[in-house]
Protein chains: 2
Amino acid sequence: MTGHRGTASIRDVARAAGVSYQTVSRVINDHPSVSPPTRQTVLDTIERLEYRPNRAARALAGGPVQSVTVLASNTSLYGFAAALEGIEEATREFGFVMGVRVVEPDTPAGVRDAVERAIEPAGAIIVIAFDKAGVDALASVPATVPVAAMVPAPTEGEHPARSSVWIDEYAAAKEATNYLLRLGHTTVHHLSIPSWTGATKRMLGWRSALQEAGLSVPKPLLAGWEASWGYEAGGKLAKKRDVTAVLCGNDDIAVGCIRAMHDAGRSVPEDVSIIGFDDVPLAQFYTPALTTVRQDFKALGRVCFAKLLSGLANGTREQRLRYPVAQLVIRESAGPPPKPSHRHATTLPAHGRAVPVNKRAFARLSKEK
Amino acid sequence: MTGHRGTASIRDVARAAGVSYQTVSRVINDHPSVSPPTRQTVLDTIERLEYRPNRAARALAGGPVQSVTVLASNTSLYGFAAALEGIEEATREFGFVMGVRVVEPDTPAGVRDAVERAIEPAGAIIVIAFDKAGVDALASVPATVPVAAMVPAPTEGEHPARSSVWIDEYAAAKEATNYLLRLGHTTVHHLSIPSWTGATKRMLGWRSALQEAGLSVPKPLLAGWEASWGYEAGGKLAKKRDVTAVLCGNDDIAVGCIRAMHDAGRSVPEDVSIIGFDDVPLAQFYTPALTTVRQDFKALGRVCFAKLLSGLANGTREQRLRYPVAQLVIRESAGPPPKPSHRHATTLPAHGRAVPVNKRAFARLSKEK
DNA sequence: AAGTCCGATGTGACCGATCACAATAGCCGA
DNA sequence: TCGGCTATTGTGATCGGTCACATCGGACTT
């Protein structure tokens with residue numbers, strides 16, 4: 001073995017197989033002009049010597065890179081983390097290497113830098129563009145770099161070269177809203193995740209359901225991604241007596257909202273119905289268990305990688321990819337609205353059990369930020 | 001510019017600065033024998049040409065690699081995800097590139113393969129060895145590869161070359177247990193995360209508190225990492241009337257346990273007190289808000305990277321690293337035990353409000369797995 | 001004033017792969 | 001029988017860095 005680093009190189013394999021190093025290179029890159037017996041000999045030798053192509057050398061020489069860097073503004077929020085998990089699985093399956101780089105929002109220079117540093121070692125990029133930071137990053141990726149993106153919804157004038165994937169959530173948001181209306185609620189409010197385009201698909205689905213039912217559409221609140229935003233916005237909604245149903249942009253927001261309702265003395269689902277979005281693993285264990293719209297981000301991650309790969313493989317077998325579809329999961333956090341006769345007995349809701357306004361908790365949560 | 005790939009190379013910089021490429025190499029590697037004026041000229045040229053060293057070439061030539069691969073069995077459980085986040089931040093700060101590879105447990109070949117594939121592109125490795133899969137992976141890393149690990153507790157005969165970091169959680173677990181005892185509970189049960197060594201530090205802290213109080217130590221349940229395990233184990237504990245306080249190995253388990261208690265007709269914290277571990281971001285928004293032991297995994301991730309770096313920098317400034325310390329956070333899920341006189345009125349606890357056994361929910365949760 | 005040492009810089013080879021191009025062989029038809 | 005074509009294989013240069021070693025002054029010894 002020549003390489004003093006312990007691993008076999010392409011020339012070691014060539015020598016052992018009695019061919020030239022170029023032939024070995026052809027074999028590992030599936031080049032057509034290698035005779036079957038030669039190919040087999042080389043493959044056997046590769047196996048025997050436990051040879052693995054060196055990524056650095058390959059990248060340097062301009063060969064296929066087989067590594068991807070994921071750009072995201074966050075790695076621990078459920079949607080992002082689950083997507084990352086799916087991408088990782090897929091890269092592993094295809095022998096790719098996955099890198100991760102967080103892109104800091106709100107600093108144009110930072111975004112450029114992140115993109116640059118992501119391109120350099122990888123060659124291919126996946127952008128999780130659920131939020132503005134991601135979209136900015138996607139926009140800064142030069143056209144020469146293979147890229148795929150996970151987006152909240154298909155863009156109108158989608159650049160054909162920019163392949164993107166998304167979860168079909170419009171119908172499910174509509175269904176969730178209709179579900180609440182069927183339960184007897186006279187309207188449904190919406191605590192949305194932020195959107196830089198003015199409206200998310202889930203928001204449009206919600207709006208459409210209300211409009212089709214001939215109802216006026218309440219002003220949606222853009223509440224951020226985190227539970228604290230849900231709590232804050234929920235606190236405002238809790239003050240309005242006519243709010244009996246809230247569709248939240250994600251499960252964290254829903255949890256915050258439920259807590260805010262609780263602290264305001266309104267119980268869920270007896271007084272207010274709350275539906276989340278995502279179906280985080282814990283959703284079924286909360287009390288009340290969260291009625292929510294399931295989104296399979298892990299599958300989306302896999303699909304996204306597949307899309308990137310099909311772009312890389314330059315036109316071969318561009319099989320139709322199945323995009324995940326969101327799906328309403330009914331549990332406990334939504335139910336019929338309280339009886340109209342009880343509407344004004346705010347501190348003594350339907351069940352007749354007192355739910356005091358939890359002032360201490362309110363103070364604590366405000367303090368903890 | 002020579003490089004037809006658009007970026008400047010070390011030779012371009014050399015030509016522009018009027019020095020040899022080797023001098024440029026010396027400058028970017030902080031080699032001492034370069035005269036200050038020359039160094040400055042080169043640095044200016046680098047700036048002007050927007051030169052960035054090529055990772056692939058550097059790795060190929062055996063230079064400093066500046067990239068790390070994180071090996072973990074999971075990337076979305078809170079502790080793992082938060083640690084990853086911390087590592088990512090640190091790598092970004094130091095101009096490193098971070099890769100992630102999931103190591104599948106229970107397949108020795110898979111572990112070896114994961115390690116091998118992690119070493120190849122990176123050169124340095126961080127292992128999140130909170131669980132058995134991680135420990136196995138750590139064990140398979142060849143001694144020649146720079147590595148740092150995050151572990152649940154310092155190992156006894158710790159290999160000096162294997163640098164590892166951990167959170168000091170013993171005292172906090174003890175404090176949490178004592179807190180429950182002070183509230184009046186006659187004993188505290190423990191739903192532990194799994195341990196391959198027989199006992200986690202948090203388990204030892206809990207045990208020690210009980211022993212010092214002269215109490216007998218109940219058999220701990222090793223319940224896995226996920227909420228479903230907490231639910232299952234919690235269901236068993238709920239049947240025992242003398243269980244009034246449970247210390248859970250993490251917050252997810254705590255949530256599952258609370259739900260199990262709820263479904264068994266026992267409310268938290270009125271009938272049973274529950275304390276979690278980790279302080280996940282949502283802990284304060286749950287109802288009841290989780291009393292838990294905070295662990296700063298993000299900080300641990302940063303420390304771990306720092307440790308790896310100090311090993312890489314070969315002996316220079318090995319500053320004492322501050323390990324994170326776990327800390328009890330008191331919220332709502334733990335309180336005084338129910339009055340002894342009410343002990344047997346199981347369906348009508350202290351508050352006099354009926355909490356029916358939630359059979360439907362129980363069935364649903366069992367079905368959803 | 002000659003010899004020695006050291007700081008600063010330059011030259012050649014190499015890491016492990018790829019690309020472009022050359023070379024060899026075998027087969028066919030004219 | 002010979003030229004030409006194609007299928008297969010081999011050779012040299014290259015990617016962008018690093019390492020080992022050579023070179024060259026100038027300061028310091030003796």
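To be clear, the structure that these remarks concern was listed above.
Because the structure is predicted, anything quoted here is derived from the model rather than measured.

A. Just the interface of chain B and chain A, in detail. At the interface, 55 residues of chain B touch 56 residues of chain A. Looking only at chain B, the three residues that lose the most surface to chain A are B:Arg52, B:Arg101 and B:Phe285, adding up to 14% of its buried area. Where chain B meets chain A, there are 10 salt bridges. The residue B:Arg101 makes a salt bridge to A:Glu88 at a minimum N-O spacing of 3.0 Å. Counting across the chain B and chain A interface gives 23 residue pairs in polar contact (both at pLDDT 80 or more). When contributions to the side of chain B that touches chain A are tallied by element, the ones reaching two or more residues are α4 (55-60), α5 (78-93), β2 (97-102), α6 (108-122), α10 (227-239), α11 (251-263) and α13 (359-367) of chain B.

B. A look at the packing of aromatic side chains. Tallying each qualifying case throughout the model produces 17 aromatic pairs over all chains. Measuring from centroid to centroid gives 4.9 Å for A:Trp166 and A:Tyr323, while their planes differ by 85°, and the two rings are edge-to-face. Residue A:Trp166 is found in the loop between β5 (163-165) and α8 (170-182), and its partner A:Tyr323 is found in the loop between α12 (297-312) and β11 (327-329); the two are separated by 157 residues along the sequence. Taking relative accessible area as the criterion, A:Tyr323 reaches 23% and is therefore assigned partly exposed. Ring pairing ties together the aromatic residues A:Tyr78, A:Phe80, A:Phe130, A:Trp225 and A:Phe297, which thus form one cluster. Sitting above the plane of the B:Tyr21 ring, B:Arg11 keeps its charged end 4.4 Å from the centroid.

C. Representation of the relation of the copies chain B and chain A. Once chain B has been moved 0.0 Å along the axis and rotated by 180°, it coincides with chain A to within an RMSD of 0.1 Å. A rotation of that kind, with that shift, is consistent with a two-fold axis. Looking at chain B, 100% of its interface residues are interface residues in chain A too, so the copies touch through the same face.

D. Here's a closer look at the protein's contact with DNA strand C. Near DNA strand C, the surroundings consist of 31 residues, among which A:Ile10, A:Ser25, A:Asn29, B:Arg26 and B:Thr38 are the closest. Of all atoms in DNA strand C that approach within 4 Å of the protein, 54% are sugar or phosphate atoms. Listing elements by their share of the surface near DNA strand C, those giving two or more residues are α1 (10-17), α2 (21-28) and α4 (55-60) of chain A together with α2 (21-28) of chain B. Ranked by the residues each element gives to the surface near DNA strand C, the list is headed by α2(B), at 4 residues. The residue inventory of the surface near DNA strand C, partitioned by class, reads 13 nonpolar, 13 polar and 5 charged.

E. Quick peek at the sheet that holds strand β9 (residues 273-278) of chain B. Residues and elements named next belong to chain B. The sheet built from 6 strands is open, its strands ordered β7-β6-β8-β9-β10-β11 with mixed pairing. At either end of the open sheet lies a strand with only one pairing partner, and these are β7 (221-222) and β11 (327-329). Contacts from helix α8 (residues 170-182) reach β8 (245-248), β9, β10 (291-294) and β11 within the one sheet, and its direction differs from that of β9 by about 165°.

F. Quick peek at the nonpolar core. Among the nonpolar cores identified, the biggest contains 92 residues, and A:Ile128, A:Met150, B:Ile128 and B:Met150 are the most heavily contacted of them. Sequence-distant contacts of B:Met150, defined by excluding residues within four places in its chain, comprise B:Ala83, B:Ile87, B:Val127, B:Ile128, B:Ala129, B:Phe130, B:Val165, B:Phe297, B:Leu300, B:Gly301 and B:Cys304. One finds A:Leu191, A:Val243, B:Ala283 and B:Phe285 within the second-largest nonpolar core, a separate group that totals 54 residues.

G. Examining the environment of A:Phe305 more closely. All names here are of chain A. Along the polypeptide, Phe305 turns up in helix α12. Phe305 sits in the buried class, given a relative accessible area of 1%. The residues touching Phe305, leaving out its near neighbours within four places in the chain, are Val68, Ala90, Thr91, Phe94, Phe96 and Ile126.

H. Local environment of the sheet that holds strand β7 (residues 221-222) of chain A. Residues and elements named next belong to chain A. The strand order across the open sheet formed by 6 strands is β7-β6-β8-β9-β10-β11, and the pairing between neighbours is mixed. Two strands in the sheet have a free side with no partner beyond their single neighbour: β7 and β11. Relative to β7, strand β6 (residues 189-192) runs parallel, the two being bridged by 2 bridges. Its bridge partner lying in β7, Ser192 is registered against Leu222. Against the sheet, helix α9 (residues 201-212) touches β6, β7, β8 (245-248) and β9 (273-278), its axis set at about 175° to β6. Packed on one face of the sheet, helix α10 (residues 227-239) meets β6, β7 and β8 and runs near 160° to β6.

I. Focus on the pattern of salt bridges. All names here are of chain A. This structure, assessed with the given rule, holds 34 salt bridges over all chains. Glu169 is the partner of Arg202 in a salt bridge, and the nearest nitrogen-oxygen pair spans 2.9 Å. Taken together, the residues Arg202 in helix α9 and Glu169 in the loop between β5 and α8 connect sequence positions 33 residues apart. A single burial state applies to Arg202 and to Glu169, both of which are buried.

Conventions we followed
Residues numbered from 1 in each chain as written. Chains lettered and ligands numbered in written order. Predicted model: local features only at pLDDT ≥ 70, side-chain atom pairs only at ≥ 80, totals over all residues. Heavy atoms only, no water. Contact = heavy atoms within 4.5 Å. Buried area = accessible area lost by both parts, 1.4 Å probe. Salt bridge = Lys/Arg side-chain N within 4 Å of Asp/Glu carboxyl O. Polar contact = N/O pair within 3.5 Å; in protein donor to acceptor, adjacent residues only side chain to side chain. Helix = DSSP H or I, 4+ residues; strand = E, 2+ residues; numbered from the N terminus. Phe/Tyr/Trp six-rings, centres within 6.5 Å; stacked < 30°, edge-to-face > 60°. Buried < 20%, exposed > 50% of the residue type's maximum accessible area, 1.4 Å probe, protein only. Lys NZ or Arg CZ within 6 Å of the ring centre and 35° of its normal. Least-squares fit on C-alpha atoms with pLDDT ≥ 70 in both. Near = heavy atom within 4 Å. Nonpolar A, V, L, I, M, F, W, Y, C, P; charged D, E, K, R; others polar. Pairing = 2+ DSSP bridges. Axes fitted to C-alpha atoms, helices over the stretch in contact; angles between N-to-C directions. Core = buried A, V, L, I, M, F, W, Y, C linked by side-chain atoms within 4.5 Å.

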